[in-house]
Every structure is written in C-alpha cells, then in structure tokens.
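Here is how the chains run, residue by residue.
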Amino acid sequence: MSDKFIFRFVAAVSIFVLLVVIVLNRKIIPAPAELPSFTYFLPKLNAIFNGTCSVLLLVSLYFIKKGNIAMHKRVNIAAFCLSSLFLVSYILFHYLAPETKFGDINGDHLVSEAEKAQAGGIRYVYFIILVTHIILAAGVLPLILLSFYRGLQMQVEKHRKLVRWTFPIWLYVTITGVVVYLMISPYYHF
C-alpha cells in the first residue's frame with residue numbers, strides 16, 4: 001500500500017467518524033422516545049474506557065523506554081481497541097440521551113442565572129477543559145491511525161516523529177475525558 005492510499009484512507013475514516021458524531025449528537029436522526037435501560041451506564045463506562053486507556057498509554061511508554069517493542073505493540077493495540085469501544089459507546093450515548101448542561105441543577109435542560117451563580121467559576125474551567133478535549137479528540141484520530149500504520153509497518157523513524165504529537169494529545173484526551181465525566185455527572189437527570 002502506498003502512503004498516498006494510507007493518507008486517503010485515514011482522512012476518509014476520520015471524516016466519516018466526525019460526520020457520524022455530528023449527525024447523531026445533533027439528533028439529525030431522531031433518537032428513540034424511550035431511553036434503553038443501558039443508556040444510564042454509558043457515561044460511567046466511557047470514563048472507565050478513557051481511564052483505562054490513559055493507564056495503557058503510560059504502560060506503553062514504559063515498555064518502549066525499556067526497549068520491549070513486543071509489549072509496547074500489544075499494549076497500544078489494547079489501548080486502540082478500548083478507544084474504539086469508547087467511540088462506539090460515546091456516539092451511542094450522545095445519540096440516545098438528552099443533552100446535559102453543566103450547572104443544570106433542576107434537570108429542566110436550561111441553566112438559569114441562579115444555577116450559573118451556584119455553579120460559579122468552575123463552569124468556565126469545565127468549558128475550557130471540554131472545548132480543548134473536543135477539539136483535540138477530533139484531531140487525534142488521524143494521528144493515531146497514522147502512528148499505528150507506521151508502527152505496525154516498522155517505519156520506526158516516521159513512527160517516532162508522529163508519536164511525539166500523538167502520544168501527548170491522546171493522553172490528554174483520555175485524561176480530560178475522565179475529568180469531564182466527573183464534572184458533568186452530577187448534572188445527569190435521565
């Protein structure tokens with residue numbers, strides 16, 4: 001396979017995933033009237049996936065620093081699989097569940113001035129974390145796919161150049177995914 005084909009494939013997959021997230025998140029396809037019972041567990045499951053991926057990424061770094069390429073590959077494949085499961089669960093949750101707003105204490109899907117005041121300045125901290133998380137999560141997918149391709153093809157120098165960017169961004173996204181969950185979970189009302 002040529003690099004040109006791989007770049008096109010990665011771009012197509014990344015654009016497809018982004019479009020699916022947007023279409024389902026914005027409820028362009030209507031969600032079912034009644035939430036399936038498993039919907040309530042999905043945010044916690046997503047946080048578990050993200051937290052586990054964070055640990056796996058750090059373990060992967062440990063193995064490559066020790067020169068254990070085989071374990072580095074295995075752990076990264078596990079992290080990739082968990083991240084893929086996370087993506088499916090994330091899309092499903094945001095398709096099924098109503099939007100949760102930070103500070104919506106009474107669950108009416110509106111944040112009144114009183115609720116904003118009660119949430120205080122932490123609301124701004126939440127939004128900064130959330131916005132950086134979303135932007136970097138959208139951008140890291142092609143980096144992950146290209147890093148995997150280079151690593152699995154044993155194109156070590158190209159792999160190293162990519163993971164200098166991929167690793168910290170992927171790690172940030174997985175850690176902030178857990179932080180976002182911990183911050184928004186008190187406002188789930190479904």
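Residues numbered from 1 in each chain as written. Predicted model: local features only at pLDDT ≥ 70, side-chain atom pairs only at ≥ 80, totals over all residues. Heavy atoms only, no water.

The protein carries the name DUF420 domain-containing protein in an unreviewed UniProt entry, which gives Mucilaginibacter roseus as its organism.

Our next topic: the pattern of salt bridges. This structure, assessed with the given rule, holds 4 salt bridges. When the shortest N-O distance is used, the salt bridge between E113 and K116 registers 3.6 Å. With E113 and K116 both in helix α4 (residues 113-119) and 3 residues apart, this pair spans about one turn of that helix. Taking the relative accessible area as the measure of exposure, E113 reaches 60% and is therefore exposed. Judged by its relative accessible area of 32%, K116 is partly exposed. Among the ionic pairs, R160 bridges to E157, the shortest N-O distance being 3.2 Å. One end of the pair is R160 and the other is E157, both in helix α6 (residues 156-184) and 3 residues apart, which spans about a single turn. For R160, a relative accessible area of 46% puts it in the partly exposed group. Salt bridges sharing common partners tie together D3, R150 and K158. (Salt bridge = Lys/Arg side-chain N within 4 Å of Asp/Glu carboxyl O. Helix = DSSP H or I, 4+ residues; strand = E, 2+ residues; numbered from the N terminus. Buried < 20%, exposed > 50% of the residue type's maximum accessible area, 1.4 Å probe, protein only.)

Once that is clear, we can look at the layout of surface pockets. By volume, the largest pocket amounts to about 1500 Å³. Elements with a minimum of two residues in the lining of the largest pocket: α1 (3-25), α2 (42-65), α3 (69-96), α5 (122-152) and α6. Here the lining of the largest pocket gets 12 residues from one element, more than from any other, and that element is α5. By residue class, the composition of the lining of the largest pocket is 33 nonpolar, 12 polar and 5 charged. (1 Å grid on protein atoms, 1.4 Å probe; cavity = no way out; pocket = protein on both sides within 12 Å on 5 of 7 lines; lining within 4 Å. Points joined across faces, edges and corners; volume = space filled by probe spheres on them. Nonpolar A, V, L, I, M, F, W, Y, C, P; charged D, E, K, R; others polar.)

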